[in-house]
Amino acid sequence: MSIEKFIENYYVERAGTNSVKWDGMNERFSTADLLPLWVADMDFKVPKEVQAKMIERIEHGVFGYSLVSDSYYNSFMKWQKKRHNIEIKKEWIRFTTGVVNSFNYLIQAFSQENESVIILAPVYYPFYDAIINNNRQLVVSHLENNKGIYGINFEQFEADIIENKVKLFLHCSPQNPVGRVWSKNELERLLEICLKHGVKVISDEIHQDFIQPGQEFISTLSVEEKYLDHLFVLSAPSKTFNIASLLHSHLLIPNQELRSEYDLFAEKAVNNTVSLMGTIATEAAYTYGSEWLDELIEVIEHNYKVMSQLFEKELPHVVVSPKEATYLAWVDLSYYLKEQDIVNIMEEKAKIAVDYGEWFDANHSSFIRINLATKTENIVEATQKLISFLKV
């Protein structure tokens with residue numbers, strides 16, 4: 001299917017549907033009269049087979065407490081094996097209502113108040129909230145930025161762990177917002193440092209399916225077996241198939257003792273039932289959604305290329321980070337902002353809603369994150385508006 005045909009078949013107008021992205025801008029921005037390219041969900045319908053399976057269950061008419069079928073587990077494990085070469089065992093799998101909830105639970109279960117949790121920044125801003133709101137000590141180790149390409153300062157990372165007696169590492173893989181796919185060597189170095197200092201690792205891998213063609217996603221589950229005893233891995237269908245409101249995600253715990261410890265915690269603090277519609281949609285998506293996803297990735301890569309080329313032509317000093325993963329673009333506007341207020345440029349002049357860089361790291365106030373998972377027309381409109389107000 002062509003890019004144009006995919007957009008024609010799956011793009012949907014969401015304004016007026018109680019969409020956070022389209023109808024909830026008043027909570028984050030100075031006005032609601034903006035083109036929304038911020039919060040990370042998509043403007044595309046789910047695969048048709050997913051919708052059909054959900055309708056089939058709705059017509060059944062009963063939505064009581066439900067079990068998770070063997071076919072569900074098989075579809076999830078086959079998806080992980082086929083697309084990412086990840087071997088998952090059924091007994092590892094636990095369910096929660098979302099990845100953010102998962103890492104909050106794990107912080108509560110495997111650290112004490114005032115103990116330290118480390119992150120690599122810039123990173124998804126709920127990472128900060130989870131640590132601070134749970135009364136843990138936030139330790140920020142900064143990624144190194146080389147003309148838009150981000151890397152890890154391993155020596156500083158280890159020094160930060162030692163100095164702050166870190167208990168947990170909350171890791172983002174692929175890294176949101178900078179779009180890095182961490183290599184096996186990078187992951188091994190991180191995990192080895194954590195193993196050396198007794199730091200447990202929570203790896204948020206929710207963006208694992210949005211990998212640029214030619215790149216390979218390496219899960220922390222696929223590195224050396226010795227690291228599995230200190231590892232929690234989070235994944236969900238919510239980003240991949242645009243079903244976040246169905247409240248369904250996976251928490252993978254390879255180590256039996258850690259699973260038992262988590263289960264005791266969950267009995268007291270979580271105790272949520274599994275989302276019936278979430279499991280139905282997810283099983284259908286993993287069973288039938290591979291072609292849909294491949295076509296969607298083509299749309300996202302096309303949007304990224306169109307945006308990047310417009311900036312390169314009209315504002316050549318804009319730095320767009322190479323996007324190896326996610327459906328998000330990380331854009332450095334520092335050369336053109338000068339003394340201009342970035343909020344005024346975005347909201348009052350260009351009339352677009354974006355995620356501001358300082359939400360991900362205080363040192364990135366001249367950056368923005370743009371959501372590419374929409375029709376190309378919206379990306380062109382937003383980029384041209386930015387160009388018109390930044391061009392000197």
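Residues numbered from 1 in each chain as written. Predicted model: local features only at pLDDT ≥ 70, side-chain atom pairs only at ≥ 80, totals over all residues. Heavy atoms only, no water.

(A) Local environment of the UniProt feature "domain: Aminotransferase class I/classII large" (unreviewed entry) in the protein chain. Cross-referencing UniProt, the feature "domain: Aminotransferase class I/classII large" (unreviewed entry) maps to residues 40–383 in the present numbering. For the annotated span residues 40–383, helix accounts for 43% and strand for 17% of the residues, and the straight-line distance between the end C-alpha atoms is 18 Å. (UniProt positions renumbered as here; feature names shortened; annotations may be inferred. Helix = DSSP H or I, 4+ residues; strand = E, 2+ residues; numbered from the N terminus.)

(B) Broad picture of the sheet that holds strand β12 (residues 328–332). If you trace the four strands from one edge of the open sheet to the other, you get β11-β12-β15-β14, paired in antiparallel fashion. On the outer flanks of this sheet lie β11 (319–320) and β14 (355–356), each paired with one strand and no other. Bridge analysis of β11 against β12 gives two bridges, and the strand direction is antiparallel. Looking across to β12, one finds that V319 is bridged to D332. (Pairing = 2+ DSSP bridges.)

(C) Region of the structure containing the pattern of salt bridges. Per the stated rule, a full pass over the model turns up 19 salt bridges. Between R14 and D41 there is a salt bridge; the shortest N-O distance is 3.0 Å. Residue R14 is found in the loop between α1 (3–10) and α2 (20–23), and its partner D41 is found in the loop between β1 (35–36) and α3 (48–60); the two are separated by 27 residues along the sequence. The salt bridge involving E301 is made with K323; its shortest N-O contact spans 2.6 Å. With E301 in helix α12 (residues 290–314) and K323 in the loop between β11 and β12, this pair connects stretches of sequence that are 22 residues apart. Here K323 falls in the buried class, since its relative accessible area comes to 3%. The network of salt bridges with shared partners includes R14, K21, D41 and D43. (Salt bridge = Lys/Arg side-chain N within 4 Å of Asp/Glu carboxyl O. Buried < 20%, exposed > 50% of the residue type's maximum accessible area, 1.4 Å probe, protein only.)

(D) A negative patch on the surface, seen in detail. Together, E225, D229, E257 and E261 make up a negatively charged patch on the protein surface. Along the chain, D229 turns up in the loop between β8 (200–204) and β9 (231–235). Overall, the relative accessible area of 42% leaves D229 in the partly exposed class. (Patch = residues over 30% accessible without salt bridge, like charges linked within 9 Å, V, L, I, M, F, W, Y side chains within 5 Å. Areas by Shrake-Rupley, 256 points an atom, 1.4 Å probe, with all protein chains shown as cover. Lys, Arg positive; Asp, Glu negative; His and termini not counted. Charge placed at Lys NZ, Arg CZ, Asp CG, Glu CD.)

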